[in-house]
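# A structural walkthrough
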Amino acid sequence: MANYAKWDSTQDGRTELHDVLGLTGAEISINNLPAGAGVPFVHHHKKNEEIYIILSGKGFATLDGEKIEFKAGDVIKVAPSVKRQFSAAPDSPASWACLQVKENSLEEYTNGDGVID
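This section reports on the structure supplied with the text. (Residues numbered from 1 in each chain as written. Predicted model: local features only at pLDDT ≥ 70, side-chain atom pairs only at ≥ 80, totals over all residues. Heavy atoms only, no water.)

### A short note on the overall build of the protein
- Of regular secondary structure, the protein possesses one helix and seven strands.
- Starting at the N terminus and walking to the C terminus, you meet the elements of the protein as β-α-β-β-β-β-β-β.
- Over its C-alpha atoms, taken along the principal directions, the protein stretches across nearly 50 × 30 × 25 Å.
- The buried share of the protein, taken over its 117 residues, is 30%.
- Within the protein, residue pairs in contact and separated by at least 24 positions form 64% of the contacts whose partners lie at least 6 positions apart.
- Looking at charge distribution, the protein has the averaged site of its 11 positive side-chain charges lying 7 Å from that of its 17 negative ones. (Helix = DSSP H or I, 4+ residues; strand = E, 2+ residues; numbered from the N terminus. Buried < 20%, exposed > 50% of the residue type's maximum accessible area, 1.4 Å probe, protein only. Contact = heavy atoms within 4.5 Å. Lys, Arg positive; Asp, Glu negative; His and termini not counted. Charge placed at Lys NZ, Arg CZ, Asp CG, Glu CD.)

### Concerning the nonpolar core
- Ranked by internal contacts, the top residues of the largest apolar core, which has 15 residues, are Tyr52, Leu63, Phe70, Ile76, Val78, Phe86 and Trp96.
- Of all elements in the fold, only strand 3 (48–63), strand 5 (75–78), strand 6 (84–88) and strand 7 (94–102) reach the threshold of two or more residues within this core.
- Tallying contributions element by element places strand 3 first for this core, with four residues.
- Ignoring anything within four residues of it in the chain, the contact list for Leu63 reads Ile68, Ile76, Val78, Val82, Lys83, Arg84 and Phe86. (Core = buried A, V, L, I, M, F, W, Y, C linked by side-chain atoms within 4.5 Å.)

### Description of the pairing of strand 7
- Bridge analysis of strand 2 (residues 27–33) against strand 7 gives seven bridges, and the strand direction is antiparallel. Across the sheet, residue Leu33 finds its bridge partner in strand 7, namely Ala94. (Pairing = 2+ DSSP bridges.)

### What about unusual backbone geometry?
- The phi angle at Asp64 is positive, at roughly 50°, despite the residue not being glycine.
- In this structure, Asn104 is a non-glycine residue whose phi angle is positive, near 65°.
- As for its position among the elements, Asn104 is in the segment after strand 7.

### Some remarks on the pattern of salt bridges
- Taken as a whole, this structure holds four salt bridges when the rule is applied.
- Here Lys77 and Glu49 are joined by a salt bridge, their closest N and O atoms 3.8 Å apart. Within this pair, whereas Lys77 is found in strand 5, its partner Glu49 is found in strand 3, the two being separated by 28 residues in sequence.
- By relative accessible area, Glu49 is classed as buried at 15%. (Salt bridge = Lys/Arg side-chain N within 4 Å of Asp/Glu carboxyl O.)

### A few points about a nonpolar patch on the surface
- Side chains of Ile53, Leu55 and Val75 sit close together on the surface and give an oily, nonpolar patch of about 250 Å² of accessible area.
- Within the element layout of this structure, Val75 appears in strand 5.
- Using a relative accessible area of 55% as the deciding quantity, one classes Val75 as exposed. (Patch = residues over 30% accessible without salt bridge, like charges linked within 9 Å, V, L, I, M, F, W, Y side chains within 5 Å. Areas by Shrake-Rupley, 256 points an atom, 1.4 Å probe, with all protein chains shown as cover.)

### A few points about the packing of aromatic side chains
- Under the definition given, this model contains four aromatic pairs.
- Relative to Phe86, the ring of Phe70 lies with its centre 5.8 Å away and its plane at 35°, an arrangement referred to as tilted. On the criterion of sequence distance, the pair formed by Phe70 in strand 4 (residues 66–71) and Phe86 in strand 6 is long-range, its members being 16 residues apart. For the pair formed by Phe70 and Phe86, the shared burial category is buried.
- Geometrically, the ring pair formed by Phe86 and Trp96 is tilted, given 5.4 Å between the ring centres and 40° between the ring planes. Of the two residues, Phe86 is situated in strand 6 and Trp96 in strand 7; the sequence distance between them amounts to 10 residues.
- Using a relative accessible area of 3% as the deciding quantity, one classes Phe86 as buried. (Phe/Tyr/Trp six-rings, centres within 6.5 Å; stacked < 30°, edge-to-face > 60°.)

Given below as structure tokens:
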């Protein structure tokens, strides 16, 4: 068995990569909304923060009742307790990757964890 996994992207509305790639330290989802559509629920988390990387299009996020606009290239970090809901703009589809990780769990990164072979 290989020590890596690959997912071939599609234009599904939402794909959760935890099971697809066998992730053990994070959940990543790929999300696609047509123009004018929104995620049909508001949610928050008990332990996990989320990082949204806007891949294409534009729209808005409602974060604890505040409407925040986003566009391709933006990155938004949301703390676990924040109530959130994302929507595409009326005139633009929107696509983003959402990384979900346990808040305050990062111990090392980049040079602290990387080893040059």
